[in-house]
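One-letter residues, chain by chain:
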Amino acid sequence: MDFAYDARTEELRERLLAFMTEHVYPAEQTAEEQRAAQDSPWSTVPVLEELKAEARKQGLWNLFLPDEEYGAGLSNLQYAPLAEITGRSPQLAPTALNCAAPDTGNMELLAQFGSPEQRARWLEPLLAGGIRSAFAMTEPDVASSDATNIGTRIRREGDAYVVTGRKWYISGAMHPDCAVFIVMGKTDPDGADVRRQQSMVLVPRDTPGVEVRRAMSVYGYEDHYHGGHAEVVFHDVRVPASALVGEEGGGFAIAQARLGPGRIHHCMRLIGMAERAIELMCRRALDRTAFGAPLARQGVVREWIADARVQVEQLRLLVLKTAWLMDTVGNRGAHTEIQAIKIATPRAVVQILDDAVQLHGAAGVSQDYPLAHLWASARTLRLADGPDEVHQRSLARRELKRHA
Ligand SMILES: Cc1cc2nc3c(=O)[nH]c(=O)nc-3n(C[C@H](O)[C@H](O)[C@H](O)COP(=O)(O)OP(=O)(O)OC[C@H]3O[C@@H](n4cnc5c(N)ncnc54)[C@H](O)[C@@H]3O)c2cc1C
């Protein structure tokens, strides 16, 4: 077993680390100031557009996309360590590199399942970073972690589909550049096979009947840089039949395929967040003195730091193994590991961030440090892309089968 990154990954890591130091970290404060000075919190901040231009110039662009024709052609194993680095500044870095969710999953989906016409209209501008997109599956009225519950209807009427339903927590939908929704709904609600009832259609945001109703908050944060998480209502929205992605009844399978690489990206970014938290913890522990000694001398502080390091090393190995399995035996072969990283990583990183907040005292929950916002983001990943319990259920079912 070789634990070293290959030469291409190493080279990209070095360039990306330099980009973070020279451009991204210094832009964090500027971005906040620019956003505060704007009329709408959803407007794009100029410094982020500058970061995008610089990343593109440096060839640090679309690194997530394994497709050689459209993306950088990196394997999951090669991209994973780069996603980790972007996680150190999750508000800016993923977008700066055109590697932010939900666009990454949507681009993968279009590259894999889109028709040539759909790819020309939506994938190409997404790859160029000119537009954003959203993926609309979750509904407030049903337990949406079970996709068979989805209530949105997609009815065929002549050469059109008519979409009717209400979605929420649709990431990116508040972004002024969000031009298209990939909407999951039922084309065959009474079909015998509950996994063939769903389909996906592409709905341009400016189609009559699309209502982006409100921004949902996440522990009070609205995630302005990422276009927030919106409630979106589709009032009998009519799109041409050519807006169907893949085939009728294929929505469930496409949704499954979309989530695999995204989970690696989320987990590696979480590990990047944890690394940043450890760095902040160590600096704070060395800098501050209480009751006659630096905090770094306190046993409990050392325990937090040591536990964090142990967790991060374990998690990184597990996520990299999962990425390697996805590259070598595919999503299905990596099923157990994909579930495992999605269960283990957010939980552990939430704890690390919580300890880091504690060590910082009031500063930890304040807007002057990134820790509170990082904590809120990490905590939501115990829900988003499927709650822990659903992954545990599915992993345990497979494990039990092996021994039945
Ligand atoms: C920040 C954020 C961003 C999101 N972005 C998007 C997006 O872009 N697009 C989108 O479509 N959705 C998005 N979501 C929604 C997310 O995917 C759903 O919240 C998630 O799938 C859970 O669905 P639900 O909220 O309907 O919870 P429910 O399905 O109602 O589940 C609630 C709880 O029930 C329990 N539960 C459910 N099933 C089981 C089970 N089998 N065994 C044991 N317990 C169970 C779990 O504890 C679970 O947390 C986002 C959510 C958040 C918080």
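- Per an unreviewed UniProt entry, the protein chain goes by the name Acyl-CoA dehydrogenase and belongs to Streptomyces qinglanensis.
- You can read under Subunit (unreviewed entry) in the UniProt record for the protein chain the words "Homodimer."
- UniProt's Cofactor (unreviewed entry) comment on the protein chain is quoted here verbatim: "FAD".

**Some details on helix α9 (residues 335-360)**
Okay, step 1: Between its terminal C-alpha atoms α9 stretches 38 Å, which fits the 38 Å expected from 26 residues at 1.5 Å a residue.
Okay, step 2: Most of α9 sits inside the fold, with 20 of its 26 residues counted as buried.
Okay, step 3: At the exit of α9 stands G361, carrying a positive phi of roughly 65°.

**Looking at the pattern of salt bridges**
Okay, step 1: Summed over all chains, the structure comprises 27 salt bridges.
Okay, step 2: Linking E49 and K52 is a salt bridge whose minimum nitrogen-to-oxygen distance equals 3.6 Å. Separated by three residues within a single helix, E49 and K52 lie in helix α2 (residues 46-57), roughly one turn from each other.
Okay, step 3: With relative accessibility at 34%, the residue E49 sits in the partly exposed group.
Okay, step 4: In this structure, E337 engages K321 in a salt bridge whose closest nitrogen and oxygen atoms are separated by 3.3 Å. Separated by 16 residues along the polypeptide, E337 in helix α9 and K321 in helix α8 (residues 299-333) bring together distant segments of the chain.
Okay, step 5: Assessed through its relative accessible area of 40%, K321 is described here as partly exposed.
Okay, step 6: Each of D141, R166, E211, R213, R214 and E231 takes part in salt bridges that share partners, so that together they form one network.

**Examining the site of the ligand**
Okay, step 1: Neighbouring the ligand are 22 residues; F135, T138, S145, Y169 and S171 lie closest to it.
Okay, step 2: Contact between the ligand and S144: an oxygen atom at 2.9 Å from a main-chain N or O atom of the residue.
Okay, step 3: Put simply, the parts of the chain that give the shell around the ligand at least two residues each are β1 (132-136), β3 (160-171) and α12 (388-403).
Okay, step 4: For the shell around the ligand, the class distribution of residues is twelve nonpolar, seven polar and three charged.

**Remarks on the domain arrangement of the protein chain**
Okay, step 1: The domain boundaries assigned to the protein chain delineate domain 1 (7-107), domain 2 (132-245) and domain 3 (252-403).
Okay, step 2: Each of domain 1 and domain 2 was reduced to a C-alpha centroid, and the two centroids are 26 Å apart.
Okay, step 3: Counting from both sides, the interface comprises 17 residues of domain 1 and, opposite them, 18 residues of domain 2.
Okay, step 4: For the pair domain 1 and domain 2, the summed buried area comes to about 1,500 Å², and 54% of that belongs to carbon and sulfur atoms.
Okay, step 5: For the domain 1 face of the interface with domain 2, the top three residues by lost area are W42, Q91 and N106, together amounting to 45%.
Okay, step 6: At the junction of domain 1 with domain 2, the criterion picks out one salt bridge.
Okay, step 7: At the boundary of domain 1 with domain 2, the tally comes to seven residue pairs in polar contact (both at pLDDT 80 or more).
Okay, step 8: Of all elements in the fold, only α1 (7-37) and α5 (103-113) reach the threshold of two or more residues within the side of domain 1 that touches domain 2.
Okay, step 9: With three residues, the top contributor of residues to the side of domain 1 that touches domain 2 is α1.
Okay, step 10: Looking at the side of domain 1 that touches domain 2, its residues break down into nine nonpolar, five polar and three charged.

**What to know about the pairing of β3**
Okay, step 1: Two elements, strand β2 (residues 153-157) and β3, share five bridges in a ladder whose sense is antiparallel. Bridging across to β3, R156 finds its partner in Y161.
Okay, step 2: Once β2 ends, the chain turns through two residues before running back antiparallel as β3, passing G158 with a positive phi of about 60°.
Okay, step 3: Pairing between β3 and strand β7 (residues 229-240): nine bridges, direction antiparallel. Within β7, the residue paired with K167 across the bridge is V232.

Definitions and limits used
- Residues numbered from 1 in each chain as written.
- Predicted model: local features only at pLDDT ≥ 70, side-chain atom pairs only at ≥ 80, totals over all residues.
- Heavy atoms only, no water.
- UniProt positions renumbered as here; feature names shortened; annotations may be inferred.
- Helix = DSSP H or I, 4+ residues; strand = E, 2+ residues; numbered from the N terminus.
- Expected span 1.5 Å × (residues − 1).
- Buried < 20%, exposed > 50% of the residue type's maximum accessible area, 1.4 Å probe, protein only.
- Salt bridge = Lys/Arg side-chain N within 4 Å of Asp/Glu carboxyl O.
- Near = heavy atom within 4 Å.
- Polar contact = N/O pair within 3.5 Å; in protein donor to acceptor, adjacent residues only side chain to side chain.
- Nonpolar A, V, L, I, M, F, W, Y, C, P; charged D, E, K, R; others polar.
- Domains from an automatic or database assignment.
- Contact = heavy atoms within 4.5 Å.
- Buried area = accessible area lost by both parts, 1.4 Å probe.
- Pairing = 2+ DSSP bridges.

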